[in-house]
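# Architecture at a glance
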Amino acid sequence: MTEPLLSVRGLTVEFPTRHGILTAVEDIDLDIMPGEVLGMVGESGAGKSMTGNAIIGLIEPPGRIARGEVLLKGQRIDNLPPDEMRAIRGRRIGMIFQDPLTSLNPLYRISDQLVETIRTHLPLSRDAALKRAIGLLDDVGIPDAARRIDDYPHQFSGGMRQRVVIALALCAEPDLVIADEPTTALDVSVQAQIIEVMKQLCAERGAAILLVTHDMGVIAETADRVAVMYAGRIAEIGPVRDVIKHAMHPYTAGLMGAIPRLGENLDRLSQIPGAMPRLSAIPQGCAFNPRCPRVMDRCRVDRPGLLEPVPGRRVACWLYPEEAQA
Amino acid sequence: MLAFIIRRLAQSVLVMLFVALIAFVIFRYVGDPIASMVGVETRLEDQEIMRDRLGLNDPAVIQFLRFVGNAMQGEFGISYRLQQPVTELILSRLPATIELAFASAMIALVFGVVLGVFTALKPKSLLSGAVMSASLIGVSLPTFLIGIGLIYIFSVELGWLPSFGRGEVVDLGWWRTGLLTETGLKSLILPAITLSLFQLTLIMRLVRAEMLEVLRTEYIRFARARGLTQRAINFGHALKNTLVPVITITGLQLGSVIAFAIVTETVFQWPGVGSLFITSVQVVDVPVMAAYLMFIALVFVLINLVVDILYFVVDPRLRVDGGSSGK
């Protein structure tokens, strides 16, 4: 078995507040293989984006990584000095943000932002960097790249700007791209194109993707594996097809049941009763127990860890026999 | 952009005309110009003749147009007190005021931006706290008190710097400067600091607030995620975005630095336009007052114009031409 590109072990992110410590992300374990697309789904506030930010070392203070470690090709990166971490960002891990309208500095030309990023990470002359930048814009599908490169962000449409953002994230050929809801702010008609461009370019470069989204459809079409998050923890993780077809965790099953299907005639969509708890009021035991249709006594007391009842699939639920734990 | 400049120029002309109207009303109707010009022993008939010769019996509209026409040629009449052309008087005092205003604007801008950036980047450091507290003094103490305080410390107690006047000046023919002599430079220090202090704290607090705002934006986070150096982010991406509002305020403040140099010039007996204005007010030297009003208005209008044009230089979103698509 090949070595994972990125390993996250027991990652816990905490926010100290006046009313005590809030745990935004708790005990996250996941691996991303080279070239793999790992989807990460969950409701707002489930800790998806926070996990991405923690991996790249961009948690806003007072938030902090309280426990756990992040390993990039076996090297620990969560405790690096700021300057070494900075050199990894953009160079080995690229990031794409949600809103392309606000991700680009409005006062700088596209060319300046690209060249600046390229030259920060690669020893290239200005001309060479500019050439590379034009090539990148070409790759992400901006027509007439050589002419458009000297435009300012406001002269591009939202979809075009997200293409520029992708070019910026890829400009130093990172091994991993963290895409934090890359299509949420875009028109539905543009979303598919952006995902396609991102996926294709990463595949060409052998870069893995951590795709954070709440759109199950995007995950189904794009990801190899999916991690379902609930209240700051991973509920279930496994190959996309298996998870969609045979969800093991009742929460995942509820999510799948809530997706409308063509050809099906329903009076109303099924939904999971209740709402995800606030970080300050996570119930004892399994965080999902108040909403779970298959809740047992044990769920209200003990919190389940990630078990591996079937090889390659892990789930945090007491429904599955404990002895299967790896 | 050209259309914009032309429109702004037209607006400027309107503003100037309106100020001219006010200046004219003061000039013509505040007190009797003839009474100010003549002595007690001038006969009434002679006064009438003068009135007629100066055109003071013409309809007000004609007089106003004549006033504007003269003003456009830089002609504001004769000072009652000094019996010299007002324009000449103001021009002879102008270099002193401009040098003072420029020096203090520079101090305010440089220290204001540097301290503002520093306190924004290191909001929790002890030094930032000290600077922020000290800046409260700057905004809350009146200028004259600061001036007198500085004189007391640096002139009276320490004897390092002169307390009044402009020192030796060098006459360049059209400009008398104090910047080329040692005494001139020394004399400039205290009044420039006094005049700059308020603007300095204002700019500093503005830069700090704007900078804190910008550092929270998505594009700064994205710049971090791209692994740009801290320096490139803070001084390239963040600072440039804070500059737009800073330019406005600084520009307007430069106008008020010139306009309100009056207090500082009085405290330090600085021979500038402001002190000319104060002495003119004391003896109701109306032509000087009217001309001063016009002059200050002109300064403000010009600076506003420059500020508006600078926006275009800094912010590409305002340049309407040359873009294919937008929002």
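Remember, it's a predicted structure, so these values are computed and weren't measured experimentally.

## Re the overall build of chain B
Scanning chain B from terminus to terminus reveals 13 helices and two strands. C-alpha extents for chain B along the principal axes are approximately 85 × 60 × 35 Å. When each of the 327 residues of chain B is scored for burial, the buried share is 43%. Restricting the contact set of chain B to residue pairs at least 6 apart, pairs at least 24 apart contribute 70%.

## Quick notes on the packing of helix H4 (residues 110-121) of chain A against helix H7 (residues 158-170) of chain A
Residue and element names in this part refer to chain A. Contact geometry of H4 with H7 gives a least axis separation of 9 Å together with a crossing angle of 20 degrees. Regarding the angle of H4 to H7, the classification is roughly parallel. Once H4 is placed against H7, the crossing between them reads as right-handed. For the pair H4 and H7, the contacting residues are Ile-110, Gln-113, Leu-114 and Thr-117 in the first and Val-164, Ala-167 and Leu-168 in the second. Here the contact of H4 with H7 is composed, by residue class, of five nonpolar, two polar and no charged.

## Brief notes about the side chain of Glu-14 of chain A
Inspection of the secondary structure puts Glu-14 of chain A in strand E1 (residues 6-17). Leaving out residues up to four positions away in the same chain, Glu-14 of chain A has contacts with Ile-21, Leu-22, Thr-23, Pro-62, Gly-63, Arg-64, Ala-66 and Arg-67 of chain A.

## Here's the deal with the environment of Leu-262 of chain A
Its location among the elements puts Leu-262 of chain A in the loop between helix H11 (250-257) and strand E11 (307-310). Measuring from C-alpha to C-alpha, the distance between Leu-262 of chain A and Glu-173 of chain A comes to 39 Å, with 89 residues separating the pair along the chain.

## Let's talk about the confidence of the model for chain B
Fine structural detail should not be taken from predicted coordinates in areas where pLDDT scores are low. All names here are of chain B. For chain B, per-residue confidence averages 81 on the pLDDT scale, and 95% of positions sit at 70 or higher. The secondary structure element of chain B with the lowest average pLDDT is helix H2 (residues 33-37), at 68, and the one with the highest is helix H9 (residues 218-225), at 89. Note that pLDDT drops below 50 for residues 321-327; the model gives that stretch twelve contacts with residues more than four away or on any other chain.

## Side note on the sheet that holds E1 of chain A
All names here are of chain A. Strand order across the open sheet formed by four strands is E2-E1-E4-E5, with antiparallel pairing between neighbours. Two strands in the sheet have a free side with no partner beyond their single neighbour: strand E2 (20-32) and strand E5 (75-76). Bridge analysis of E1 against strand E4 (residues 64-72) gives seven bridges, and the strand direction is antiparallel. Along E4, the bridge assignment pairs Glu-14 with Arg-64. Set on the sheet, helix H1 (residues 48-56) makes contact with E1, E2 and E4; between it and E1 the angle comes to about 110 degrees.

## Looking at empty space enclosed by the protein
Residues and elements named next belong to chain A. On inspection of all chains with the given rule, the structure shows three cavities of 30 Å³ or more. What the largest cavity holds in volume is close to 110 Å³. If you go around the largest cavity, the residues you meet are Tyr-230, Arg-233, Ile-234, Ala-235, His-249, Tyr-251, Cys-286, Ala-287, Phe-288, Arg-303, Pro-304 and Ala-316. Here the element with the most residues in the lining of the largest cavity is strand E10 (residues 233-239); it accounts for three residues. Looking at the lining of the largest cavity, its residues break down into nine nonpolar, one polar and two charged. Forming the boundary of the second largest cavity are 13 residues, of which Pro-250, Cys-286, Cys-292, Cys-299 and Cys-317 lie nearest the centre. Considered class by class, the residues forming the lining of the second largest cavity number ten nonpolar, two polar and one charged.

## Regarding the nonpolar core
In terms of nonpolar packing, the biggest core is built from 98 residues, with Leu-30, Ile-93, Leu-114, Leu-137 and Ile-166 of chain A touching the most fellow members. Not counting residues within four places of it along the chain, the set of residues in contact with Leu-30 of chain A comprises Leu-6, Ser-7, Val-8, Arg-9, Leu-38, Met-40, Ile-234, Ile-237 and Arg-314 of chain A. Counting residues in each nonpolar core, the second largest holds 48 residues, with Leu-107 of chain A together with Met-16, Phe-76 and Val-301 of chain B among its members.

## What to know about the UniProt feature "transmembrane region" (unreviewed entry) in chain B
Those residues carrying the UniProt feature "transmembrane region" (unreviewed entry) are residues 12-30, 100-121, 133-154, 188-207, 243-270 and 290-314 of chain B in this numbering. Secondary structure content for residues 12-30 of chain B is 95% helix and 0% strand, and the end C-alpha separation is 26 Å.

## Description of helix H5 (residues 126-139) of chain A
Along an α-helix, a turn takes 3.6 residues, which lines up residues three or four apart on a common side. Residues and elements named next belong to chain A. An ideal rise of 1.5 Å per residue puts 20 Å on 14 residues; H5 measures up with 20 Å between its terminal C-alpha atoms. Taken together, the buried residues of H5 touch H4, helix H6 (145-148), H7 and helix H8 (188-205). Following H5 by one or two positions, Gly-141 has its phi on the positive side, about 85 degrees.

## Regarding the interface of chain A and chain B
The partner chain B presents 27 residues to the 31 residues of chain A that form the contact. Between chain A and chain B the total buried area reaches about 2,700 Å² when both faces are included, carbon and sulfur atoms providing 55% of it. For the interface between chain A and chain B, the tally reads one salt bridge. Between Glu-60 of chain A and Arg-221 of chain B there is a salt bridge, and its shortest N-O distance comes to 3.7 Å.

## Topic: the sheet that holds E11 of chain A
All names here are of chain A. Spatially, E6-E7-E8-E3-E9-E10-E12-E11 is the arrangement adopted by the eight strands of the open sheet, whose pairing is mixed. Only two strands of the sheet have a single partner each, and these edge strands are strand E6 (93-96) and E11. On average, each strand axis in the sheet is tilted by 20 degrees relative to the strand beside it, whichever way the strands run. Sitting on the sheet, H11 touches strand E9 (225-230) and E10, and the angle it makes with E9 is about 105 degrees.

## Regarding the UniProt feature "domain: ABC transporter" (unreviewed entry) in chain A
In the numbering used here, UniProt assigns the feature "domain: ABC transporter" (unreviewed entry) to residues 8-256 of chain A. In the segment residues 8-256 of chain A, helix accounts for 41% and strand for 27%; the C-alpha atoms at its two ends are 26 Å apart.

## Focus on the pattern of salt bridges
Residues and elements named next belong to chain A. A full pass over the atoms with the stated rule returns 27 salt bridges over all chains. Of the charged contacts, one joins Arg-313 and Glu-236 as a salt bridge, the two residues approaching to 2.7 Å between their closest N and O atoms. A residue pair is termed long-range when its members are at least 10 positions apart, and Arg-313 in strand E12 (residues 313-315) and Glu-236 in strand E10 qualify at 77 residues. Glu-236 shares its class with Arg-313; the two are buried. Counted as one network, the salt bridges with shared partners bring together Arg-132, Asp-139, Glu-173, Glu-204 and Arg-205.

## Things to note about the layout of surface pockets
Summary: where empty space remains is shown by rolling a probe the size of a single water molecule over the atoms. Volume-wise, the largest pocket comes out at about 1,200 Å³. Along its surface, the largest pocket is lined by 34 residues, and Ile-59, Glu-60 and Pro-61 of chain A together with Arg-224 and Gln-230 of chain B are the ones closest to its centre. Every element with two or more residues in the lining of the largest pocket is listed here: H1, E4 and helix H2 (82-88) of chain A together with helix H5 (86-121), helix H8 (182-215), H9 and helix H10 (230-259) of chain B. Sorting elements by how many residues they give to the lining of the largest pocket places H2 of chain A first, with four residues. Per-class residue counts for the lining of the largest pocket are 18 nonpolar, five polar and eleven charged.

Parameters at a glance
- Residue numbers restart at each chain and count upward from 1, following the sequence in its written direction.
- To label them, take the chains in the order written and letter them from A, then take the ligands in the order written and number them from 1.
- Selection of residues for local features in this predicted model requires a pLDDT of at least 70, selection of side-chain atom pairs for listing and counting requires 80 or more, and totals for whole chains, interfaces and linings are taken over all residues.
- With hydrogens and water excluded, all non-hydrogen atoms of the structure serve as input to the side-chain values.
- Only DSSP runs of H or I covering at least 4 residues are called helices, and only runs of E covering at least 2 are called strands; the numbering of each starts at the N terminus.
- With a 1.4 Å probe rolled over the protein chains alone, any residue whose accessible area is under 20% of its type maximum counts as buried; one over 50% counts as exposed, and the rest are partly exposed.
- Contact between two residues is taken to exist if any of their heavy atoms lie within 4.5 Å; hydrogens are not considered.
- Note on geometry: axes are C-alpha line fits, over the in-contact stretch for helices, and angles between N-to-C directions span 0 to 180 degrees.
- What sets the label is the angle itself: under 35 degrees gives roughly parallel, over 145 gives roughly antiparallel, 65 to 115 gives roughly perpendicular, and the rest give oblique.
- When the near helix sits turned anticlockwise from the far one by under a right angle, the crossing is termed left-handed; a clockwise turn instead gives a right-handed crossing.
- Each residue is assigned to one class: nonpolar for Ala, Val, Leu, Ile, Met, Phe, Trp, Tyr, Cys and Pro, charged for Asp, Glu, Lys and Arg, and polar for all the others, Gly among them.
- A score between 0 and 100, pLDDT records how confident the predictor is in each residue.
- Note on pairing: DSSP must find at least two bridges between two strands before they are called paired.
- Grid points spaced at 1 Å over the protein atoms alone were grouped into cavities, where a 1.4 Å probe fits but cannot get out, and pockets, open sets with protein on both sides within 12 Å along at least five of seven lines, with lining residues defined by an atom within 4 Å of a point.
- Grid points are joined across faces, edges and corners, and a volume is the space filled by probe spheres set on the points.
- As used here, the term nonpolar core means buried Ala, Val, Leu, Ile, Met, Phe, Trp, Tyr and Cys residues forming a set that is joined through side-chain atoms within 4.5 Å.
- UniProt positions are given in the numbering used here, feature names are shortened, and annotations may be inferred rather than shown by experiment.
- One less than the number of residues in a helix, times 1.5 Å, gives the span that helix is expected to have.
- When two parts are put together, the accessible area they lose, computed with a 1.4 Å probe and summed over both, is reported as buried area.
- By salt bridge we mean one thing: a side-chain nitrogen of Lys or Arg within 4 Å of a carboxyl oxygen of Asp or Glu.

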